[in-house]
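Residue-level structural notes
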Amino acid sequence: MLDKTFTPSDVESRIYDSWEEAGVFRSGAPDRADARPYTIVIPPPNVTGSLHMGHALNNTLQDVLIRFERMRGRDALWQPGMDHAGIATQMVVERQLEESGLKRRDMSREDFINRVWSWKGQSGGLIINQLKRLGASCDWERERFTMDEGLSKAVLKVFVDLYKAGLIYKDKRLVNWDPKLVTAISDLEVVPVETNGHLWHLRYPVKDQLDRYIVVATTRPETMLGDTAVAVHPDDERYADLIGKHVVLPLVNREIPIVADEHADPEQGSGAVKITPAHDFNDFEVGRRHDLPMINVLDAHAHINDAAPETYRGLDRYEARKRIVADLEALGLLEKIEDHVHVIPHGDRSNVVIEPWLTDQWYVDAATLAKPAIEAVERGDTVFVPRNWEKTYFEWMRNIQPWCISRQLWWGHQIPAWYAPDGEVFVAGTEEEAYAAARAKYGDDVTLERDPDVLDTWFSSALWPFSTLGWPDEAPELKRYYQTDVLITGFDIIFFWVARMMMMGLYFMKEAPFHTVYIHALVRDEKGQKMSKSKGNVIDPLDLIGKYGADALRFTLCAMAAQGRDIKLAEARVEGYRNFATKLWNAARFCEMNGCARVDGFDPKSVTETVNRWIVGEAEAAARAVTEGIDTYRFNEGAGSAYRFVWNVFCDWYLELAKPILSGEDGPAKDETRATAAWVIDQILKILHPFMPYVTEELWSRLGGEGAAPATMLALSHWPDLDGLIDARAKADIDWLIDTVTAIRSVRSEMNVPAGARLPLVLIGATGEAEDRARRYREPLMRLARLEAISSGDSVPAGAVQTVVGDATLALPIADVVDLSAERARLEKELKKISDEIGKIDAKLANEKFLSRAPEHVVEEQRERRGEAEEARAKLTDALSRLAGAA
């Protein structure tokens, strides 16, 4: 007998262990050797990471697909693994060292890397166990790590091959430089921070023109030491006579040209801009167009270097700023200082201001690799869902810049490049190969020094769909599971990860790594605000799992995962879906207590009772709707269809209609209903399993699963493939009964009819079919609608309210149980109150000040509330209209 209540924390770990012990998640099982493969590669979480709500959504959706396809008989591989997370991991270990009074530079590179591996073995990978708590059914026996031996082999081969093809090269360009971590970082690791700063307007003297200056404005006066030009717009008449002439750079006394370039905006400030190619990304491009010198005036720690005048050398950038501004003011070359709010890039981990810095780095020729990746999406070889993200993909790919792949770290894949004393570089898969190449060039042995830099973490991640399957070896898994089926990811890494996987997959595998890319939305708080620690609105998925169970959280995320719409997550929603799991449990327990048990060989097409013919047809419709929802990545529609079938159809109506049979005399009708109820519960457990694996697996095993004892676990059972069960006559009959009871209940509620009062029902102008149904379903109609009598008539009785179902008008005399005038007054009062509220909301939404100042989520809440209020007003208006007919 089932326990009275379902307590997720009592069963989740036991059930998960049983799945793993039974090899449920294992791909390549012998009994699926002939099955079509279905593959998803997990977006590898950082080895330092812990589960956040974005992970919970992303991995729940992947698990829904994997469990669904596994039940459909596919050889399902969900490839798991973790990313070595270069900067994040190195910082964790460096902090540990600092607690012991040590620094990374106090030990050898080899010793430090060994410390990182030791940390990983002891503390890394916490998120894997957290994913298991969520219910993720990855093939954990195949777990990979971007620094493991096989993936490292793939990384080396890709680097060497691309270098030999001229697609990897070294260049001096601007990068995002973190002066605290002393490394280049990616755009994704840069956080824009709105800051109250200043705009300094500086006078640059025009050469040989006494008392003539060009005024330029800057938020970073210290960079003026590296200026190599002033730019003006070619059509700006104010400076037409100065184009081609020079100004004298203050403090440095370097003559720099005045160039014509459309980067200068005549409408902004003076219309002239200082050009510092080594310290500004836009200026870098201007410098290239005009072949300007690129003078780097900062060192790796953001101190002024030896390229600047001696008086400023060694100063921190901000100290140099103060000194430079003071010196310019003393020279009369500071026009003015304005308060200025602007966005300053900060490192997401170091929290220091990032410098655009000119340095030698390794690059990938992304523009060349992007061409086939663009064409693959244009041809439809890979499709984005929703499709609008293809536009974002194309915009990024068609304007792609060289990809900086080197990082000044110790933890990561060290670049396979060795330098001879004369600077010649030898790129090879091993040190031995590099020395052999050097001997071949020089005719003698030379000492080589390996490049100390490591590769950008995204470089190894770009190979994930094929490196995890054994490439570059001719692994059987590679042949079977590549191309993968779908990638599920967030929009923020379309460029950083999705695009790069496309480029690498097409170059090395000659086929796109996946045929579908599903882009999920953000999980926000219940007010629609982005979650952040600073706002204090972060919702921890593990807390919700502990409180309500993994099934409730998973179902909430799926039910709200509408394509292209962010999820506004409220804890109350999770609690509500915990109640849904409880409702399912109670329904199964009710059936068990009433002798409902699976019957071997039960054929749903053989049932004869109308209510049973109806419910098996509804089960077929529900299974089809859930299948279509998952198949088309409309997870909310699939979850919603399952929910409505379980709660609104099976629990609310079928069990209520079946109760008299189940509690009645033994006989064929009772036997059939017991068997039907048990069969329907089986179908429910199956269609709910991808969304709510724990409660469904527990019920499956406790109820015996399709026989006296479950031959297989639910996770390996067959997905419902139902056909031919919809009986049009039974559906029409039961739908009429449900519509009639619902309409009567609605009237009772609107008119405040006391719950214990039984009303007469008069069918006005009913067809023979409606009268026949009223006769045949008299008992459930009387019981469920709380009626005292059912009759037919040609005119509406006095004091009756009316509603319409199908061709019949239902008249319900209520004058004897409801004070009609008092009820009219109550409804009118409610209507006025709701109309006043709508008027206030409309006034707010028409107020430009409100719309411009109120946060977006507040405006959206007002719109939502107006919709709710409008719906309530319509119901009140209908109720008053009905009441008028009863007067």
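Residues numbered from 1 in each chain as written. Predicted model: local features only at pLDDT ≥ 70, side-chain atom pairs only at ≥ 80, totals over all residues. Heavy atoms only, no water.

Section: the pairing of strand β1 (residues 37-41)
Formally: The rule is simple: take the accessible area with a 1.4 Å probe, protein chains only, and divide by the maximum for that residue type; under 20% is buried, over 50% is exposed, in between is partly exposed. Only runs of H or I of at least four residues qualify as helices and only runs of E of at least two qualify as strands under DSSP, and these elements are numbered from the N terminus. A pair of strands is treated as paired once DSSP finds two or more bridges between them.
β1 sits mainly inside the fold: four of its five residues count as buried. Sheet topology places β1 next to strand β2 (residues 75-79); five bridges connect them, and they run parallel. In the sheet register, proline 37 faces β2, and the bridge partner there is aspartate 75.

Observations concerning the sheet that holds strand β27 (residues 787-793)
Defined as follows: Only the contacting stretch of a helix is used when fitting its axis, a line to C-alpha atoms as for every element, and angles between N-to-C directions run 0 to 180 degrees. Residues are treated as being in contact if the distance between any of their heavy atoms lies within 4.5 Å.
Spatially, four strands are ordered β27-β26-β29-β28 in an open sheet, and the strand pairing comes out mixed. The strands lining the two open edges of the sheet, one partner per strand, are β27 and β28 (800-805). Between one strand axis and the next, the sheet turns by 25 degrees as a mean value, whatever way the strands run. Helix-sheet contacts for helix α23 (residues 728-750) involve β26 (759-764), β27, β28 and β29 (808-813), and the interaxial angle to β28 is about 150 degrees.

What about the packing of helix α3 (residues 86-99) against helix α4 (residues 109-122)?
The description of two packed helices rests on the angle between their axes and on the distance between the axes. To be explicit about the condition: By the definition adopted for this analysis, an angle is roughly parallel if under 35 degrees, roughly antiparallel if over 145, roughly perpendicular if from 65 to 115, and oblique otherwise. Ten residue types, Ala, Val, Leu, Ile, Met, Phe, Trp, Tyr, Cys and Pro, are classed as nonpolar, four, Asp, Glu, Lys and Arg, as charged, and the remainder, Gly among them, as polar.
Remark: α3 packs on α4, axes separated minimally by 10 Å, with the N-to-C direction vectors making an angle of 100 degrees. Taken together, the axis directions place α3 and α4 in an arrangement best described as roughly perpendicular. Contacts from Thr89, Gln90, Val92, Val93, Glu94, Gln96 and Leu97 of α3 reach α4 at Phe112, Arg115, Val116 and Trp119. Of the residues belonging to the contact of α3 with α4, the class tally is six nonpolar, three polar and two charged.

A closer look at the environment of glycine 412
Assignment of secondary structure puts glycine 412 in the loop between β17 (406-407) and β18 (417-419). With 44 residues separating them along the chain, glycine 412 and aspartate 456 place their C-alpha atoms 7.9 Å apart. For glycine 412, the contacting residues outside a window of four places in its chain are His84, Met147 and Val454.

Some points on the packing of aromatic side chains
Which entries qualify depends on this criterion: Working definition: rings of Phe, Tyr and Trp (its six-membered ring) pair if their centres are within 6.5 Å, and the pair is stacked with planes under 30 degrees apart, edge-to-face with planes over 60 apart, and tilted otherwise. Placement of a charge over a ring requires the Lys NZ or Arg CZ to be within 6 Å of the ring centre, with the centre-to-atom vector within 35 degrees of the ring normal.
Following the criterion strictly, the structure yields 40 aromatic pairs and no others. Their ring planes at 25 degrees and their centres at 6.1 Å tell us that tyrosine 169 and tyrosine 363 sit as a pair that is stacked. Taken as a pair, tyrosine 169 in strand β5 (residues 168-178) and tyrosine 363 in strand β14 (residues 355-364) lie far apart in primary sequence, 194 residues in all. For arginine 67, the ring lying beneath its charged end belongs to tryptophan 19, and the centroid distance is 4.3 Å.

Structural notes on the side chain of arginine 67
Convention followed: Polar contacts here mean pairs of N or O atoms no more than 3.5 Å apart (in protein, one a potential hydrogen donor and the other a potential acceptor; neighbouring residues in sequence count only if both atoms are side-chain atoms).
When you line up the elements, arginine 67 lands in helix α2 (residues 53-71). By relative accessible area, arginine 67 is classed as buried at 1%. There is a polar contact of 3.0 Å between the side chain of arginine 67 and the side chain of histidine 689.

What about the nonpolar core?
Rules: Among the buried residues, those of types Ala, Val, Leu, Ile, Met, Phe, Trp, Tyr and Cys that are joined through side-chain atoms within 4.5 Å form a nonpolar core.
Formed by 228 residues in total, the largest nonpolar core has its most connected members in Tyr393, Phe459, Met504, Trp614 and Phe650. By residue number, the principal contributor to this core is helix α20 (residues 635-662), which donates 15 residues. Beyond its immediate stretch of four places on either side in the chain, phenylalanine 650 contacts Ala587, Cys591, Ile615, Phe645, Leu655, Ala677, Val680, Ile681 and Ile684.

Thoughts on a negative patch on the surface
Quick note on the threshold: Any residue with relative accessible area above 30% and no salt bridge may belong to a patch, with like charges joined within 9 Å and the nonpolar Val, Leu, Ile, Met, Phe, Trp and Tyr side chains within 5 Å. In these tables, accessible area is a Shrake-Rupley quantity obtained with a 1.4 Å probe, and a residue counts as shielded only by the protein chains included in the view. A pair is scored as a salt bridge if a Lys or Arg side-chain nitrogen falls within 4 Å of a carboxyl oxygen belonging to Asp or Glu. Under this rule, positive means Lys or Arg and negative means Asp or Glu; His and the chain ends count for nothing. The location of each charge is read from NZ of Lys, CZ of Arg, CG of Asp or CD of Glu.
There is a patch of like negative charges on the surface, built from Glu526, Glu856, Glu860 and Glu861. Within the secondary structure, glutamate 526 is located in the loop between β24 (523-525) and α16 (541-548).

Some words on unusual backbone geometry
Here tryptophan 471 and proline 472 are connected by a cis peptide whose omega angle stands at 15 degrees. Relative to the helices and strands, proline 472 is located in the loop between α13 (464-467) and α14 (476-481). Omega for the bond connecting tyrosine 482 with glutamine 483 falls within 30 degrees of zero, at 10 degrees, which places this linkage in the cis form. Structurally, the position occupied by glutamine 483 is in the loop between α14 and β22 (484-490). Even without glycine at this site, asparagine 253 takes up a positive phi of about 60 degrees.

Focus on the pattern of salt bridges
Overall, the coordinates contain 63 salt bridges when judged by the stated rule. Its salt-bridge partner being aspartate 348, residue arginine 349 comes within 3.7 Å of it at the nearest N-O pair. Here arginine 349 falls in the partly exposed class, since its relative accessible area comes to 29%. Look at aspartate 348 and you get partly exposed, because its relative accessible area is 32%. Salt bridges sharing common partners tie together Arg729, Asp733, Glu769, Asp772, Arg773, Arg775 and Arg776.

Looking at the environment of valine 64
Among the secondary structure elements, valine 64 is positioned in helix α2. Between the C-alpha atoms of valine 64 and serine 137, which are 73 residues apart in sequence, the distance is 9.4 Å.

Comments concerning the confidence of the model for the protein
Defined as follows: What pLDDT conveys is the predictor's confidence in a given residue, as a value from 0 to 100.
The share of residues in the protein with pLDDT of 70 or more is 99%, and the mean pLDDT across the chain is 94. Below a pLDDT of 50 lies the segment residues 705-710, which in the model reaches 14 contacts outside its immediate sequence neighbourhood of four places, other chains included.

Structural notes on the layout of surface pockets
Test applied: The way it works is a 1 Å grid over only the protein atoms, where trapped points that fit a 1.4 Å probe form a cavity and open points with protein on both sides within 12 Å along at least five of seven lines form a pocket, and then any residue with an atom within 4 Å of a point lines it. Grid points are joined across faces, edges and corners, and a volume is the space filled by probe spheres set on the points.
Taken as a whole, the second largest pocket holds about 1,100 Å³ of empty space. Around the second largest pocket, the lining is made up of 47 residues, and of these Ala217, Thr218, Thr219, Arg220 and Asp280 lie nearest the centre. For the lining of the second largest pocket, the secondary-structure elements that each account for two or more residues are β7 (190-205), β8 (213-218), β12 (272-275), α7 (281-289), α8 (317-330), β13 (334-347) and β14.

Focus on empty space enclosed by the protein
For the structure shown, the criterion picks out two cavities of 30 Å³ or more. As a volume, the largest cavity reaches approximately 70 Å³. Phe6, Pro8, Glu12, Tyr548, Gly549, Ala550, Asp551, Ala552, Arg578, Ala581 and Thr582 are the residues that line the largest cavity. Counting only elements with at least two residues in the lining of the largest cavity, the list comes to α1 (8-21), α17 (550-559) and α18 (571-593). Its residues assigned to classes, the lining of the largest cavity comprises six nonpolar, two polar and three charged. By volume, the second largest cavity amounts to about 50 Å³. Leu57, Leu61, Tyr518, Ile519, His520, Ala521, Ala561, Ala562, Gln563, Gly564, Arg565 and Ile567 together form the lining of the second largest cavity.

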